[in-house]
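Each chain, written out:
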Amino acid sequence: MAQASSDYPTEPVHILFVGAGAVGCFYASRLHHPDKNIYVSLTARSNYAAIVASGVSLQTHSFGSYTFAPHAVFPSVAAAVPKSSSSSETSTSPPAEGWDYIIVTTKALPDRTDDAALIAPLVSDKSCIVLIQNGVGVEEPYRRRFPRCPIVSGVTVVSAEQTSPGVIRQNRWTRLSLGPYGDGLSSPSSSSSSSSVPAPHPSEEEKLLLLRRGRACMHQLAGWWGALGGIRDAEVHDEELELQAIRWHKLCINAAFNPTAVLSGGRGNAEQLTDGELRAHVRGVMEEIRGAAARVLGRPFPDALASPDRIIRSTERNAGARPSMLLDWEAGRPMEIEVILGNPVRIAREKGVQMPRLQSLYALLRSAQRVREERRKGGKL
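Criteria and thresholds
Residues numbered from 1 in each chain as written. Predicted model: local features only at pLDDT ≥ 70, side-chain atom pairs only at ≥ 80, totals over all residues. Heavy atoms only, no water. Buried < 20%, exposed > 50% of the residue type's maximum accessible area, 1.4 Å probe, protein only. Helix = DSSP H or I, 4+ residues; strand = E, 2+ residues; numbered from the N terminus. Pairing = 2+ DSSP bridges. Salt bridge = Lys/Arg side-chain N within 4 Å of Asp/Glu carboxyl O. Phe/Tyr/Trp six-rings, centres within 6.5 Å; stacked < 30°, edge-to-face > 60°. Lys NZ or Arg CZ within 6 Å of the ring centre and 35° of its normal. Patch = residues over 30% accessible without salt bridge, like charges linked within 9 Å, V, L, I, M, F, W, Y side chains within 5 Å. Areas by Shrake-Rupley, 256 points an atom, 1.4 Å probe, with all protein chains shown as cover. Lys, Arg positive; Asp, Glu negative; His and termini not counted. Charge placed at Lys NZ, Arg CZ, Asp CG, Glu CD.

Undergrad: Would you take a moment to explain the pairing of strand β7 (residues 128–132) for this structure?
TA: Moving residue by residue along a regular strand, the side chains alternate between the two faces of the sheet. In terms of burial, β7 is largely enclosed, as 5 of its 5 residues are buried. Side chains C128, V130 and I132 of β7 all project onto a buried face; the interleaved residues I129 and L131 project onto the opposite face, where all are buried too. Relative to β7, strand β6 (residues 101–104) is paired through 4 bridges, and the arrangement is parallel. Bridged to Y101 within β7 is C128.

Undergrad: What should I look at first to understand the pattern of salt bridges in this one?
TA: Any two side chains of opposite charge can pair, given that their charged atoms come close. Taken as a whole and judged by the stated rule, the model has 18 salt bridges. R169 is paired through a salt bridge with E161; the nearest N and O atoms lie 2.6 Å apart. Its relative accessible area of 34% is what places R169 among the partly exposed residues. We note a salt bridge from R279 to E316, for which the minimum N-O separation is 2.7 Å. Of this pair, R279 sits in helix α8 (residues 276–297) while E316 sits in helix α9 (residues 308–317); the two residues are 37 residues apart in sequence, bridging distant segments of the chain. Its relative accessible area of 36% is what places E316 among the partly exposed residues. Here the salt bridges do not stand alone but share partners, grouping K107, D328 and R333 into one network.

Undergrad: Could you clarify how one ought to interpret the packing of aromatic side chains in this entry?
TA: The relative placement of two aromatic rings is captured by the distance of their centres and the angle of their planes. Within this structure, the stated rule accounts for 5 aromatic pairs. The interplanar angle of 35 degrees and the centroid separation of 6.3 Å between the aromatic rings of F26 and F63 together place this pair among those described as tilted. Here the residue F26 occupies a position in helix α1 (residues 22–29), and F63 occupies one in the loop between β3 (56–60) and β4 (64–68), the gap between them amounting to 37 residues. Each member of the aromatic cluster is reached from another via a ring pair, and the members are F26, Y27, F63 and W225. We note R30 situated over the ring of F63; from NZ or CZ to the ring centre the distance is 3.8 Å.

Undergrad: I keep staring at a positive patch on the surface and nothing clicks. Help me out?
TA: The grouping of R172, R175, R310, R313 and R317 at the surface amounts to a positive patch. Among the elements that line the positive patch, the one with the most residues is α9, at 3 residues. Note that R310 resides in helix α9.

This is the structure in structure tokens:
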């Protein structure tokens, strides 16, 4: 694992977080340092009024309680689009010179929205796109739409929640893994994105340039998060496959416990492990992911990544935890089914690898969501 760089900018750096949920607000608050020329802004929706009025109130395990006042807060992505330099600019206007970093922390729902198209007006030649999202294959729609833009892929393990609009509680964990994204492993058909943008065919030289630019951006961000923000475990991975291995490894948690929580009738992660059959099922999903990932990536998970036994022991200690997919199901919100279940099944299948356990979870959960939505609409299947 490479070392991050903490060099501070001599000119203003403008960073926009797209998504002001718990994860976005927490990491944005640790990156905002106006005294070092680093200015962080947010796009917010349901919590926009609260953040404009009082900032973001954070109650954290790692850094105590404090208030984060973003440089600017925008009610939509459209409102954050930079205007021409001839327009009147205020302290809360989008930067006329464009965004240096666009960090996407929204839920990844490629079957519902084309987020790459949504952020397109924000992206300029100077921009780097950073994706801190769950699942695998999340980067492909962005690479297809922005073939010459550096992309940094991020995986986080952080226990945080928004207890009320603009109020964030971080309970434990702040691990953040970052890596450059070139063209990944998936083919154009492996993602369930709604994008109709044709797949680019960059040359090998262009791919190497993209990776070099992505690495430089990754080291810069990790350095600021670490030296200025106190995020001690912001890890950088110079090799693209290293970060992709971490993405697949996190499926051992998200794809094993999250859909099982919904399909088992609402049982949290630790509670699932008290049931012998569910415990065997969860372990079986983890082992299937480990086996498939080794063939998809061309290498097994490194020893440093937790084994199924270690994940299970850790989960048993976190009694009461309820995964976000279950919370979304109970609230009637769309679930991250495609990036956590559908994409890995499709990517593996294209490599000649079958994932029957994951495919079953995917088919059942997708059907359950569709049936419920159709019934709410009063329609027919």
